[in-house]
Amino acid sequence: RGKRAFIAGVADDNGYGWAIAKSLAAAGAEILVGTWVPALNIFESNLRRGKFDESRKLPDGSLMEITKVYPLDAVYDKPEDVPEDVKTNKRYSGSSNWTVQEVVETVKQDFGSIDILVHSLANGPEVSKSLLETSRKGYLAAVSASSYSFVSLLKHFVPIMNPGGASISLTYIASERIIPGYGGGMSSAKAALESDTRVLAFEAGRKHKIRVNTISAGPLGSRAAKAIGFIDMMIDYSLTNAPLPRELTAEEIGNTAAFLASPLASAITGAVVYVDNGLNAMGVGV
Ligand code: NAI
């Protein structure tokens, strides 16, 4: 049997989640995705209308099939956690069963189990503010959407993950080095995500034989990155300063995720794997 992957954080064909889905599909995995509720309608209609067909192309010429798209809001664990104003919001009330617990229950009913969990989502409402200017609410929202969302997804999915399975998240070097402009507590959220990768590797490894790794990715002009506002500068900086002064493609992150999820990486867990043309290794720009 091929492996089954659930990829949380796919809402268009530009981001890392989409590229990871493609690499996993090319390696023979069945693809399920979790799409942020407010982005669901547009994503599903674009998918239906063939807008992504060009980017669904796999190396063998076939098109990636997404078996099912699940609405998901990873800042809510269970229905009781959803505030009234969100429940009644037009963008949410048209969908159901999108808290983490309900999504996992639905996946279990639909398919029984998964092998691979990918977390490719982040949100920091105050990302454009410096950390000194970030409110408590903004900071906690960044950690809730970008870090605890992974803890929650793994915690709920791990009981239906087959032993030998793997989980992967996406992080950024701003967790360990100063990247001015990556504000709002997003740098803190990525530091938490990397630390949790180690602790969860121990806990999920001992208890469930599941590996937990995170990919520290270089800059990509995704929708989320464009919202931060300094992505073109970061791409230029990498082109000038990285050991490999070349464009970084989402496919390269996708291929690393496919490797990390495969038996080829059976002894790798608790790791932060850099896929950034080596930029992390530089001490100064040149
Ligand atoms: P993206 O926009 O393709 O992906 C982010 C996704 O998160 C979107 O689909 C959005 O709808 C979803 N999302 C936001 N809040 C959510 C919630 N509460 N529940 C469910 N989904 C939610 O952008 P990108 O850049 O591909 O981001 C994927 C991951 O890669 C993120 O963790 C990001 O921090 C990380 N990353 C991105 C880099 C870049 O330069 N683009 C560099 C290093 C890491």
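As a reminder, the structure under discussion sits directly above these lines.
The text that follows walks through the structure, step by step, so that each part is easy to find.

### Points about the site of the ligand
At step 1: The full set close to the ligand counts 27 residues, and Tyr 16, Asp 73, Lys 190, Leu 220 and Ser 222 are the nearest of them.
At step 2: In the environment of the ligand, an oxygen atom lies 2.8 Å from a nitrogen or oxygen atom belonging to the backbone of Tyr 16.
At step 3: Contact distances for the ligand include 2.8 Å between an oxygen atom and a backbone N or O atom of Leu 220.
At step 4: Summarising the interface, the protein chains cover 93% of the accessible area of the ligand, which totals 820 Å² for the free molecule.
At step 5: Elements with a minimum of two residues in the shell around the ligand: strand E5 (161-171) and helix H8 (223-228).
At step 6: The leading source of residues in the shell around the ligand is H8, at three residues.
At step 7: Residues that form the shell around the ligand fall into these classes: 17 nonpolar, seven polar and three charged.

### Concerning the packing of aromatic side chains
At step 1: Considering all chains together, one arrives at seven aromatic pairs under this definition.
At step 2: Centre to centre, the rings of Phe 6 and Tyr 70 are 5.9 Å apart; their planes meet at 55°, and the pair counts as tilted. With Phe 6 in strand E1 (residues 4-8) and Tyr 70 in strand E3 (residues 66-72), the pair connects residues that are 64 residues apart, well separated along the chain. One exposure class covers both Phe 6 and Tyr 70, and it is buried.
At step 3: Through a chain of ring-to-ring contacts, three or more aromatic side chains come together here, namely Phe 6, Tyr 70 and Phe 157.

### Some words on the sheet that holds E3
At step 1: Pairing within the open sheet is parallel, and its seven strands lie in the order E3-E2-E1-E4-E5-E6-E7. The outermost strands of the open sheet, each flanked by one partner alone, are E3 and strand E7 (272-275). Each strand axis lies, on average, 20° off the axis of its neighbour in the sheet, ignoring direction.
At step 2: As judged from the four bridges shared by E1 and strand E4 (residues 114-119), these two strands associate in the parallel manner. Counted as the bridge partner of Phe 6 is Leu 117 from E4.

### Quick notes on unusual backbone geometry
At step 1: We note that Lys 209 has phi near 60°; this positive angle belongs to a residue other than glycine.
At step 2: Relative to the elements of secondary structure, Lys 209 occurs in the loop between helix H7 (186-208) and strand E6 (211-217).
At step 3: Judged by relative accessible area, which is 61%, Lys 209 ranks as exposed.

### What to know about helix H1 (residues 16-26)
At step 1: For H1, the tally of buried residues reaches nine of eleven residues, placing the bulk of the element in the interior.
At step 2: The complete set of buried residues in H1 reads Tyr 16, Gly 17, Trp 18, Ala 19, Ile 20, Ala 21, Ser 23, Leu 24 and Ala 25.
At step 3: In the stretch just after H1, Gly 28 is the one whose phi turns positive, near 105°.

### Let's talk about a nonpolar patch on the surface
At step 1: Among the surface-exposed residues, Leu 131, Tyr 139 and Leu 140 lie close enough to one another that they form a single nonpolar patch of about 280 Å² accessible area.
At step 2: Looking at where Tyr 139 falls in the secondary structure, it is placed in helix H6 (residues 136-157).
At step 3: Here Tyr 139 falls in the partly exposed class, since its relative accessible area comes to 34%.

### What about the side chain of Arg 4?
At step 1: Mapping Arg 4 onto the fold places it in strand E1.
At step 2: A distance of 2.6 Å separates a polar side-chain atom of Arg 4 from the backbone oxygen of Ser 113.
At step 3: With residues up to four places along the chain from it excluded, the contact list for Arg 4 reads Glu 30, Leu 32, Phe 111, Ser 113, Ile 114, Asp 115 and Ile 116.

### Some thoughts on the nonpolar core
At step 1: Of all hydrophobic cores here, the largest spans 37 residues; its most connected members are Ile 7, Leu 24, Ile 31, Phe 43, Ile 66, Ile 215 and Ile 253.
At step 2: Top element by residues in this core is H1. It accounts for seven residues.
At step 3: By size, the runner-up hydrophobic cluster in this structure holds 27 residues, among which are Leu 72, Val 107, Val 158 and Ala 204.

### Re the pairing of E5
At step 1: Most of E5 sits inside the fold, with eight of its eleven residues counted as buried.
At step 2: Pairing of E4 with E5 involves five bridges; the strand directions are parallel. Paired with Leu 117 across the strands is Ser 167, a residue of E5.
At step 3: With respect to chirality, the unit in which E4 leads through H6 into the neighbouring parallel E5 is right-handed.
At step 4: Direction of pairing for E5 relative to E6: parallel, over a ladder of six bridges. In the strand pairing of E6, Ser 169 is matched with Thr 214.
At step 5: Read from E5 through H7 to E6, the crossover connection turns out right-handed.

Criteria and thresholds
- Once a new chain begins, its residue numbering starts again from 1 and follows that chain's sequence as written.
- Reporting of local features is limited, given that this is a predicted model, to residues whose pLDDT is at least 70; pairs of side-chain atoms are given and counted only at 80 or more, and all residues count toward the totals for whole chains, interfaces and linings.
- Working from all heavy atoms in the structure, the side-chain values ignore hydrogens and water.
- Being near a molecule or strand, for a residue, comes down to having at least one heavy atom within 4 Å of it.
- Polar contact is the term for a pair of N or O atoms within 3.5 Å; when the atoms are in protein, one must be able to donate a hydrogen and the other to accept it, and sequence-neighboring residues count only if both atoms are side-chain atoms.
- Computed with a 1.4 Å probe, the accessible areas rest on the Shrake-Rupley method; for each residue, only the protein chains presented here act as cover.
- The way it works is that DSSP assigns letters per residue, a run of H or I at least four long becomes a helix, a run of E at least two long becomes a strand, and they are numbered from the N terminus.
- Three classes are used, and their members are as follows: Ala, Val, Leu, Ile, Met, Phe, Trp, Tyr, Cys and Pro are nonpolar, Asp, Glu, Lys and Arg are charged, and the others, Gly among them, are polar.
- Stacked, tilted and edge-to-face are the three classes assigned to paired rings of Phe, Tyr and Trp, where Trp is represented by its six-membered ring and a pair needs centres within 6.5 Å; plane angles under 30 degrees give stacked, over 60 edge-to-face, the rest tilted.
- Exposed residues in this analysis have more than 50% of their type's maximum accessible area, buried residues have under 20%, and partly exposed residues fall in between, with area computed by a 1.4 Å probe over protein chains only.
- Note: two strands are recorded as paired if DSSP finds a minimum of 2 bridges between them.
- Between N-to-C directions, angles span 0 to 180 degrees; the directions come from axes that are lines fitted to C-alpha atoms, helices contributing only their stretch in contact.
- Each patch is built from residues lacking any salt bridge and having more than 30% relative accessible area; the joining distance is 9 Å for like charges and 5 Å for nonpolar side chains (Val, Leu, Ile, Met, Phe, Trp, Tyr).
- When a carboxyl oxygen of Asp or Glu lies within 4 Å of a side-chain nitrogen of Lys or Arg, that pair is called a salt bridge.
- Contact criterion: two residues are considered in contact whenever any of their non-hydrogen atoms come within 4.5 Å of each other.
- To define a nonpolar core, start from buried Ala, Val, Leu, Ile, Met, Phe, Trp, Tyr and Cys residues and group those joined through side-chain atoms within 4.5 Å.
- Handedness of a crossover is defined as follows: with both strands directed away from the viewer, a clockwise route from the first strand across the helix to the second makes it right-handed.

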